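# Per-entry structural report
So you can see what is in the structure, the chains are spelled out below.
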Amino acid sequence: DEKHSHCRTDKVYLPTIVCGRVIWHLGYAEEASAAAFTASYGAFQRAASQQEPLYWVKGVLIDGFDSTSKSMRTLFPGARLGNCLRHALTKLPGKLTAIASPVRQALRTQFHTLLYRARQRKGLRVFALGQRLRHFADHVAATAGVANGARVRRWFQDKKAGWYAVLADPQMPVTSMLLDQAHNAIDRKLFVMK
């Protein structure tokens, strides 16, 4: 993940790698480009390889930020790249425009139920998710308008491979909320230090 923060008046980014509750890498970048994140995450990759030459990343959970996604694909080409399901829930309302708030909230709740049920299935999780995403996009089009349905359908097309990766591997975490909490704590400390 990456945290957007401020260092004096400049906007900066803190690329971070965690495993469980351990922060393995906390970097610093002045821009949110894939090249800057690749350089920061590359420092972690080099240090890990020096400690354990056979070190290999099997899977990475990200929040869907394009620069992070591109840098992970560059550094760890064979790794399974999953998208955080919790971030998906927070992004959905932004895809729905010009509709009443109760309708937006109801659709978010239905999307939460869809993801929860897909996680609970023991077999054919990926197939079930794909089918449910298509039905949900149709439901959004009927409920919130064709434009919203088309926007949600395009978003699903962009993100579903990452959701499939999360559901296909039981060892892959489904959310990066602990990292978000750690980033918020770091941000509060930086604010106090200012």
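Structure shown above.
The shown structure was predicted, so the numbers you read here are calculated from the model rather than taken from an experiment.

What follows deals with the overall build of the protein. Counting its secondary structure elements, the protein contains seven helices and five strands. Going from N to C terminus, the protein has its helices and strands arranged as β-β-β-α-β-α-β-α-α-α-α-α. Across its three principal directions, the C-alpha atoms of the protein cover 50 × 40 × 25 Å. The buried share of the protein, reckoned over its 194 residues, is 40%. Relative to all contacts within the protein whose residues are 6 or more apart in sequence, the contacts with residues 24 or more apart total 52%. Both charge centroids of the protein, one from 29 positive and one from 13 negative side chains, sit 10 Å from each other.

Attention now goes to the pairing of strand β4 (residues 59-62). Pairing of β4 with strand β5 (residues 80-83) involves four bridges; the strand directions are parallel. Note on β5: the bridge partner recorded for leucine 61 is glycine 82. In this fold, β4 hands off to helix α2 (residues 66-75), which returns the chain to β5; that crossover is right-handed.

Our focus in this paragraph is the environment of glutamine 110. Relative to the elements of secondary structure, glutamine 110 occurs in helix α4 (residues 101-120). Relative accessible area serves as the criterion here: at 34%, glutamine 110 is assigned to the partly exposed category. Separated by 26 residues in the primary sequence, glutamine 110 and phenylalanine 136 have C-alpha atoms spaced 8.5 Å apart.

This structure, assessed with the given rule, holds 14 aromatic pairs. With a centroid separation of 6.5 Å and an interplanar angle of 40°, the aromatic rings of tryptophan 24 and tyrosine 55 are classed as tilted. On the criterion of sequence distance, the pair formed by tryptophan 24 in strand β3 (residues 22-26) and tyrosine 55 in the loop between α1 (34-51) and β4 is long-range, its members being 31 residues apart. Overall, tyrosine 55 belongs to the partly exposed group, its relative accessible area being 29%. Geometrically, the ring pair formed by phenylalanine 156 and tryptophan 163 is edge-to-face, given 5.8 Å between the ring centres and 70° between the ring planes. Judged by its relative accessible area of 4%, phenylalanine 156 falls in the buried class. The class of tryptophan 163 is buried, set by a relative accessible area of 1%.

Structurally, arginine 132 is set in helix α5 (residues 125-144). According to the relative accessible area criterion, arginine 132 is partly exposed, its value standing at 27%. The spatial distance from the C-alpha of arginine 132 to the C-alpha of leucine 115 is 9.1 Å, given a sequence separation of 17 residues. Apart from the residues lying within four places of it in its own chain, the contact partners of arginine 132 are Leu114, Arg117, Ala118 and Arg121.

Here is what the cut-offs are and how they apply
Residues numbered from 1 in each chain as written. Predicted model: local features only at pLDDT ≥ 70, side-chain atom pairs only at ≥ 80, totals over all residues. Heavy atoms only, no water. Helix = DSSP H or I, 4+ residues; strand = E, 2+ residues; numbered from the N terminus. Buried < 20%, exposed > 50% of the residue type's maximum accessible area, 1.4 Å probe, protein only. Contact = heavy atoms within 4.5 Å. Lys, Arg positive; Asp, Glu negative; His and termini not counted. Charge placed at Lys NZ, Arg CZ, Asp CG, Glu CD. Pairing = 2+ DSSP bridges. Right-handed = clockwise from strand over helix to strand, strands pointing away. Phe/Tyr/Trp six-rings, centres within 6.5 Å; stacked < 30°, edge-to-face > 60°.

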